[in-house]
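As a plain string of letters, each chain reads:
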Amino acid sequence: MRFLIPLCLLSSISCLSQSTVARDKPLPASLPRPSAQTIRQWQDRKFGMFIHFGLYSEFGGVYQGKPVDNGYSEQIMANTPIPISEYAAAAKDFDPKGWDPDAIVSLAKAAGMRYIVITSKHHDGFNLFGTKQTKYNVVDGTPYHRDIIKELAEACRRGGIAFGVYYSSIDWHEPGMDHYIEGNSNELSDDHARFNAAQLHELLSSYGPISEIWFDMGKPTPAQSELFAMTVHKLQPETMVSGRVWNYQGDFTVMGDNEVPRYGIDEPWQTPASIFNDTWGYRSWQKRENPEEKIHENILKLVQVVSRGGNYILNIGPKGDGSVVPYEADVLHGIGAWLNPHSEAIYGTTASPFADLNFGYVTLKERNVYLFIKDTSKPIVLPDTAETDVTSAMLLDQGDKLRVSKSGANLIVDSPAHWQSGFLPVIKLSTSGGLVVKRSVPHWNENGAILLTAETAEKFYNYNGRGYEAPKTLYKMRWYLPQGCAHLQFHTQEVGNIAVVTSGHQTLFQVSDGAEHQVEIGADHMLELTPQEPFVKGTTLPISVKTIDVKTCTQPIS
């Protein structure tokens, strides 16, 4: 077993603890939490349907005959603004006879979606379920008199698709919260937090299994976020809670609206996206053009997200009568037409081991490697993979055989003479033992030294802190070094205790500018800095590393 070698006997080095096994990932902020099996099942679904539907759908982004274009149409009550009583009066006309939950499930499945999440209550405070906490709901307050959430939950069970609900923590129908705050960062009173918890109890007790509950907005206190998450988990321990419950209490990280990160994330995560970035709720005056371009846009986003290890949830906004906008249905059918022959390259896959590839993207599953060819003019090169034993290569949807060769440390896949697979063709590589990536590591210079910088580090962040405007915070930095003994000299402005992690073990050090430590780099070549372990979600790296001077152990510490 490889281990860290702390130089506790050297006067320039401060060693605070012995080497212990490292986890190098944050622990949940509170317990209980879903099982590892549930988390894996959630991650394997990859693609889901979001539905924004409510009283705002009746307005269609229009008030008093004029388009309201200063924000999302589902937030028209605040964006206009519309008085509470006038907005609430729209419930008297809310009779969505065009709503067909079984048709919605069929559309989702045709699109290749494996789960559905619908707005049970949005910021306007109107409820699409028969809550006992307020009469301001679809059963008691409208001529429709039917529980939309219940009927969709039942349709999902009939269709064999996972069901989840969106729940806004804020409520503009509630006195004292009846206005928009930048970022929808309304603070919650204790009374309102208890109201939310009571509604969560209803949703988690009366609607069958809930695969995920998608909290959104508000600026709850840490105690309120914990109340919401634990209310869910005590009733349904396997329900996944979204990161927008805030204060690091989520079971999965949620990116910003329509945000596709350019890097992987070290925990379960999801990108929420809408067919039109400017709105999630129905907008009657939205320009709906070039459906093929919109189909390609969302296929590409799906692949980008999945190749980085995330899930992609794509929204539709039904009309006020409950019917699906034909353009949006066409887009979903188009995505499904591409997904059908390429499904094995998406579902149940894991993230690409490559940061960037000129030709496109990669996913992995078991012993298979899937290459998504975004640019067919670029050579198809997989760096540092020459030790991989490829047994076959073919175009996934057509079965055309392709030639694979080796060039130095790289695998080269020959392009077909003519690409005939349409948008974003996929190549499947089958291997005897899985993809082998022999990571490139820097070489010692003539002085036996390497300079590590903050810019070259692989970085890992905490997301979903207190409210939407809370910035992501750094908790882990990672570099790669030659195997063997190495001296580290830190350059930083702060003084703090950090864990230096190599070979799966951590040693706690106190680091200040100029502090020096000796470590043993293992066969994985990995050097990480984390907070003292174990640490919970939200914990930040206590120092800002500028550079680290690294020397081989044959070089004296100057």
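Description of the structure in this document. (Residues numbered from 1 in each chain as written. Predicted model: local features only at pLDDT ≥ 70, side-chain atom pairs only at ≥ 80, totals over all residues. Heavy atoms only, no water.)

**Remarks on the overall build of the chain**
So, step 1. When its secondary structure is counted, the chain shows ten helices and 27 strands.
So, step 2. On C-alpha atoms alone, the chain measures out to a radius of gyration of 26 Å, which is about the 24 Å that the 2.2 N^0.38 rule sets for 558 residues.
So, step 3. If you line up the chain on its principal axes, its C-alpha atoms span 80 × 60 × 40 Å.
So, step 4. Pairs at least 24 residues apart make up 73% of the contacts formed inside the chain by residues separated by at least 6 positions.
So, step 5. As presented, the chain carries roughly 22500 Å² of accessible surface, and 50% of it is formed by carbon and sulfur atoms. (Helix = DSSP H or I, 4+ residues; strand = E, 2+ residues; numbered from the N terminus. Rg over C-alpha atoms; globule rule 2.2 N^0.38 Å. Contact = heavy atoms within 4.5 Å. Areas by Shrake-Rupley, 256 points an atom, 1.4 Å probe, with all protein chains shown as cover.)

**Topic: the sheet that holds strand S6 (residues 162-168)**
So, step 1. Taken together, the eight strands give an open sheet; going across it, the order is S8-S7-S6-S5-S2-S11-S10-S9, and neighbouring strands pair in parallel fashion. For this open sheet the edge positions go to strand S8 (240-241) and strand S9 (253-254), each flanked by a neighbour on one side alone.
So, step 2. Relative to strand S7 (residues 212-216), S6 runs parallel, the two being bridged by four bridges. From the neighbouring strand, valine 165 faces S7, where its bridge partner is isoleucine 213. (Pairing = 2+ DSSP bridges.)

**Quick look at the sheet that holds strand S25 (residues 516-521)**
So, step 1. Sheet architecture is open: four strands sit in the order S19-S27-S22-S25, paired in antiparallel fashion. Each edge of the open sheet carries a strand with a single partner, namely strand S19 (449-453) and S25. Averaged over all pairs of adjacent strands, the angle between their axes in this sheet comes to 30°, without regard to strand direction.
So, step 2. The pairing of strand S22 (residues 484-492) with S25 spans six bridges and is antiparallel. (Axes fitted to C-alpha atoms, helices over the stretch in contact; angles between N-to-C directions.)

**Remarks on the state of the cysteines**
So, step 1. Scanning the model with the defined rule gives one disulfide in all.
So, step 2. For cysteine 485, the disulfide goes to cysteine 553, at an S-S distance of 1.8 Å. Judged by the torsion about the S-S bond (-70°), the cysteine 485/cysteine 553 disulfide is left-handed. Placement of the pair is cysteine 485 in strand S22 and cysteine 553 in the segment after strand S27 (545-552), with a sequence separation of 68 residues.
So, step 3. The class for cysteine 485 is partly exposed, based on a relative accessible area of 22%.
So, step 4. By relative accessible area, cysteine 553 is classed as partly exposed at 27%. (Disulfide = S-S within 2.5 Å. Buried < 20%, exposed > 50% of the residue type's maximum accessible area, 1.4 Å probe, protein only.)

**Quick notes on the nonpolar core**
So, step 1. Membership of the largest hydrophobic core comes to 96 residues, with the highest contact counts inside it found for Met49, Ile51, Ile116, Leu152 and Phe372.
So, step 2. Beyond its immediate chain neighbours, meaning those up to four positions away, isoleucine 51 contacts Trp99, Ile104, Ile116, Val117, Ile118, Thr119, Leu152, Asn315, Ile316 and Pro318.
So, step 3. Core analysis: the second largest hydrophobic core is formed by 23 residues, Val500, Val511, Val519 and Ile521 among them. (Core = buried A, V, L, I, M, F, W, Y, C linked by side-chain atoms within 4.5 Å.)

**Focus: the packing of aromatic side chains**
So, step 1. If you walk through the whole model with that rule in mind, you get 21 aromatic pairs.
So, step 2. Ring centres of phenylalanine 94 and phenylalanine 126 lie 5.8 Å apart, and the angle between their planes is 80°; on these two criteria the pair is classed as edge-to-face. On the criterion of sequence distance, the pair formed by phenylalanine 94 in the loop between helix H4 (84-88) and helix H5 (101-110) and phenylalanine 126 in the loop between strand S5 (115-121) and helix H6 (148-159) is long-range, its members being 32 residues apart. Residue phenylalanine 94 shares its accessibility class with phenylalanine 126, and that shared class is buried.
So, step 3. Among the aromatic residues, those joined into a ring-pair cluster are Phe50, Tyr72, Tyr166, Trp214 and Trp280.
So, step 4. Over the ring of tyrosine 167 we find lysine 121, and its NZ or CZ is 4.7 Å from the ring centre. (Phe/Tyr/Trp six-rings, centres within 6.5 Å; stacked < 30°, edge-to-face > 60°. Lys NZ or Arg CZ within 6 Å of the ring centre and 35° of its normal.)

**Quick look at the pairing of strand S18 (residues 426-431)**
On a regular strand, one side chain projects to one face of the sheet and the next to the other, so that they alternate.
So, step 1. Counting buried positions over the six residues of S18 gives six, a clear majority of the element.
So, step 2. Two elements, strand S13 (residues 368-373) and S18, share five bridges in a ladder whose sense is antiparallel. Considered in S18, the bridge of valine 369 is made with leucine 429.
So, step 3. Pairing between strand S15 (residues 390-395) and S18: five bridges, direction antiparallel. Bridge assignment links leucine 395 to a residue of S18, and that residue is isoleucine 427.

**Description of the pattern of salt bridges**
So, step 1. Using the criterion set out here, one finds 23 salt bridges in the structure.
So, step 2. In this structure, the salt-bridge partner of lysine 25 is aspartate 266, at a minimum N-O distance of 3.7 Å. Taken together, the residues span a long stretch of sequence, with lysine 25 in the loop between strand S1 (20-21) and helix H1 (36-45) and aspartate 266 in the loop between S9 and strand S10 (269-274) at a distance of 241 residues.
So, step 3. The class of lysine 25 is partly exposed, set by a relative accessible area of 36%.
So, step 4. Close ionic contact of arginine 262 with aspartate 356 constitutes a salt bridge, the shortest N to O distance being 3.6 Å. With arginine 262 in the loop between S9 and S10 and aspartate 356 in the loop between helix H10 (326-342) and strand S12 (360-365), this residue pair connects regions lying 94 residues apart in the sequence. (Salt bridge = Lys/Arg side-chain N within 4 Å of Asp/Glu carboxyl O.)

**Remarks on the environment of phenylalanine 94**
So, step 1. Given a relative accessible area of 0%, phenylalanine 94 falls into the buried group.
So, step 2. For phenylalanine 94 and alanine 499, which are 405 residues apart along the polypeptide, the C-alpha to C-alpha distance reads 57 Å.
So, step 3. In contact with phenylalanine 94, other than residues within four places in its own chain, are Phe53, Gly54, Leu55, Glu58, Phe126, Leu128, Val138, Thr142, Pro143, Tyr144, Ile148 and Gly320.

**Here we look at helix H9 (residues 291-307)**
So, step 1. A rise of 1.5 Å per residue sets the reference length of H9, with its 17 residues, at 24 Å; its end C-alpha atoms lie 24 Å apart and thus fit the reference within 8%.
So, step 2. Among the 17 residues that make up H9, twelve are buried, leaving the element largely enclosed by the rest of the structure.
So, step 3. The inward-facing, buried residues of H9 abut strand S2 (47-51), S10, strand S11 (311-316), H10, S12 and S13.
So, step 4. Following H9 by one or two positions, glycine 309 adopts a phi angle in the positive range, close to 95°. (Expected span 1.5 Å × (residues − 1).)

**Remarks on the environment of phenylalanine 535**
So, step 1. Assignment of secondary structure puts phenylalanine 535 in the loop between strand S26 (526-530) and S27.
So, step 2. Of the residues examined, phenylalanine 535 reaches a relative accessible area of 5% and is grouped as buried.
So, step 3. In this structure, the C-alpha to C-alpha distance between phenylalanine 535 and glutamate 182, residues 353 residues apart in sequence, is 32 Å.
So, step 4. If we ignore the near neighbours within four places in the chain, the residues touching phenylalanine 535 are Asp24, Lys25, Pro26, Leu27, Tyr475 and Thr530.

**A word on the environment of asparagine 290**
So, step 1. Take asparagine 290: it is sitting in the loop between S10 and H9.
So, step 2. At 3.1 Å, the side chain of asparagine 290 and the backbone nitrogen of glutamate 293 are in polar contact. (Polar contact = N/O pair within 3.5 Å; in protein donor to acceptor, adjacent residues only side chain to side chain.)

**Describing unusual backbone geometry**
So, step 1. Between threonine 80 and proline 81 the backbone carries a cis peptide bond, its omega angle lying at -15°.
So, step 2. With respect to the helices and strands, proline 81 occurs in the loop between helix H3 (76-79) and H4.
So, step 3. In this structure, the amide linkage connecting glutamate 533 to the following residue, proline 534, adopts the cis form with an omega of 0°.
So, step 4. Within the secondary structure layout, proline 534 lies in the loop between S26 and S27.
So, step 5. In this model, tyrosine 248 sits at a positive phi of 60°, which is unusual for a non-glycine residue.
So, step 6. Relative to the helices and strands, tyrosine 248 is located in the loop between S8 and S9.
So, step 7. The residue asparagine 290 is not glycine, and still its phi comes out positive at about 45°.

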